[in-house]
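So the chains spell out like this:
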Amino acid sequence: MHQVRLLPHDITFTADERETVLQAALNAGVAFPNRCQVGACAMCLCRKLSGEISYQLEPMLTEKEQAEGWIFTCQATAKSDLVLELD
Ligand code: FES
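Not measured: the values here are computed from a predicted model.

What counts as what
Residues numbered from 1 in each chain as written. Predicted model: local features only at pLDDT ≥ 70, side-chain atom pairs only at ≥ 80, totals over all residues. Heavy atoms only, no water. Core = buried A, V, L, I, M, F, W, Y, C linked by side-chain atoms within 4.5 Å. Buried < 20%, exposed > 50% of the residue type's maximum accessible area, 1.4 Å probe, protein only. Helix = DSSP H or I, 4+ residues; strand = E, 2+ residues; numbered from the N terminus. Contact = heavy atoms within 4.5 Å. Pairing = 2+ DSSP bridges. Axes fitted to C-alpha atoms, helices over the stretch in contact; angles between N-to-C directions.

Let's shift gears to the nonpolar core. Generally speaking, a soluble globular protein has its nonpolar side chains buried in company with each other. L6, F13, V21, F32, Y55, L82 and L84 are the most contacted members of the largest nonpolar core, which totals 24 residues. Put simply, the parts of the chain that give this core at least two residues each are β1 (2-7), β2 (11-15), α1 (21-27), β4 (53-55), β5 (70-72), β6 (76-78) and β7 (82-85). For this core, the element with the highest residue contribution is α1, accounting for 4 residues. The contact partners of L6, leaving out residues within four places of it in the chain, are I11, F13, V30, F32, L84 and L86.

Our next topic: the pairing of β7. In this structure, β1 lies alongside β7, joined through 4 bridges in parallel fashion. Following the sheet pairing, R5 is matched in β7 by V83. Alignment of strand β3 (residues 45-50) against β7, held across 3 bridges, turns out to be antiparallel. Counterpart to R47 in the pairing with β7 is E85.

Moving on to the sheet that holds β5. Read across the sheet, 5 strands follow the order β2-β1-β7-β3-β5 without closing on themselves; strand pairing throughout is mixed. On the outer flanks of this sheet lie β2 and β5, each paired with one strand and no other. Geometrically, the sheet is characterised by an average inter-axis angle of 40° between neighbouring strands, direction not taken into account. Pairing analysis gives 3 bridges linking β3 to β5, with the strands arranged antiparallel. Within the sheet, the bridge partner assigned to R47 lies in β5 and is W70.

This is the structure in structure tokens:
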């Protein structure tokens, strides 16, 4: 289990490596923006400020977006504690 801290509201929830970060948030009752849950709509995009994630299927992100830390939470699983930021 990893701790996920979500800014700017400073909400913390736990995520294990068998669920996506989005699913973990929804399971914890966090109103995380999402729609398709398959990596297509970009509603669930947020920025990763620290920590490690992995993807089963790499989403379509430019190198610049990746460098800025953007992740698709509906496709990402936590591999460490995370700090994320929603716009
Ligand atoms: S919910 Fe649509 S891309 Fe993640």
